[in-house]
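Geometric and topological summary
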Amino acid sequence: MKSSAMRDSLRSFIIFGLVGIVNTGVDIGVFALLTWWQLPWLAAQVIAYGCGVMNSFLMNRKWTFRQQGAFTKGLLRFILLNLLTLGVTSACMMFLHEQLGVLLWVSKGAATVLGVVLNFIGSRWWVFRAEPRSLEEVMVREQTGGEI
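About the thresholds
Residues numbered from 1 in each chain as written. Predicted model: local features only at pLDDT ≥ 70, side-chain atom pairs only at ≥ 80, totals over all residues. Heavy atoms only, no water. Helix = DSSP H or I, 4+ residues; strand = E, 2+ residues; numbered from the N terminus. Buried < 20%, exposed > 50% of the residue type's maximum accessible area, 1.4 Å probe, protein only. Contact = heavy atoms within 4.5 Å. Phe/Tyr/Trp six-rings, centres within 6.5 Å; stacked < 30°, edge-to-face > 60°. Lys NZ or Arg CZ within 6 Å of the ring centre and 35° of its normal.

1. A closer look at the environment of Thr-85
With respect to the element layout, Thr-85 can be found in helix H3 (residues 71–99). With relative accessibility at 1%, the residue Thr-85 sits in the buried group. Along the sequence, Thr-85 and Gly-115 sit 30 residues apart, while their C-alpha atoms lie 5.9 Å from each other. Among all residues touching Thr-85, those that are not within four sequence positions of it are Tyr-49, Gly-115, Leu-118 and Asn-119.

2. A word on the environment of Ile-47
Positionally, Ile-47 belongs in helix H2 (residues 41–64). Judged by relative accessible area, which is 42%, Ile-47 ranks as partly exposed. For the pair Ile-47 and Leu-34, spaced 13 residues apart in sequence, the C-alpha to C-alpha distance is 8.7 Å. In this structure, Ile-47 is in contact with Val-30, Leu-34 and Leu-39, ignoring residues within four places of it in sequence.

3. Considering the packing of aromatic side chains
Under the definition given, this model contains 11 aromatic pairs. Judged by centre distance (5.0 Å) and plane angle (15 degrees), the rings of Phe-65 and Phe-128 are stacked. Residue Phe-65 is found in the loop between H2 and H3, and its partner Phe-128 is found in the loop between helix H4 (104–127) and helix H5 (135–144); the two are separated by 63 residues along the sequence. Across this residue pair, the class does not change: Phe-65 and Phe-128 are buried. In textbook terms, an aromatic cluster arises when at least three aromatic residues are bridged by ring pairs, as seen for Phe-13, Phe-16, Phe-57, Phe-65, Phe-71, Phe-78, Phe-120, Trp-125 and Phe-128. If you follow Lys-108 out to its NZ or CZ, it ends over the ring of Phe-31, 5.0 Å from the centre. Its guanidinium or amino end placed over the ring of Trp-125, Arg-124 lies 5.9 Å from that ring's centre, counting from NZ or CZ.

What follows is the structure, given as structure tokens:
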């Protein structure tokens, strides 16, 4: 059972990474466009990140975690997770760029890597977590440490 769970986690992480590449492209593309239009970098970060978030939720829900049902609950959790991640990544960028003088794009890259890690952990174990469907499944989960 553990090897099956490991395989499933690895598959999820790989697909999450591929979806993340698309999301990062959306995020960076919107960020570049908005900063090119002279929007302050923090406002550009919030808008660009929001565009990536919506794409991420839809793609991860369908392909990475194959979740059905509970759309609103999942979306609300995903938004909360990403608000937290946005705060952490913005603080990271602010610290690196404003306090340490690291180039803006290097700061953006470091914040993006941190955001990927936080989002996968939160998505896998909170947002898209499979809910037990029966009492029997709950008992099996408890006996196997959460694996079925």
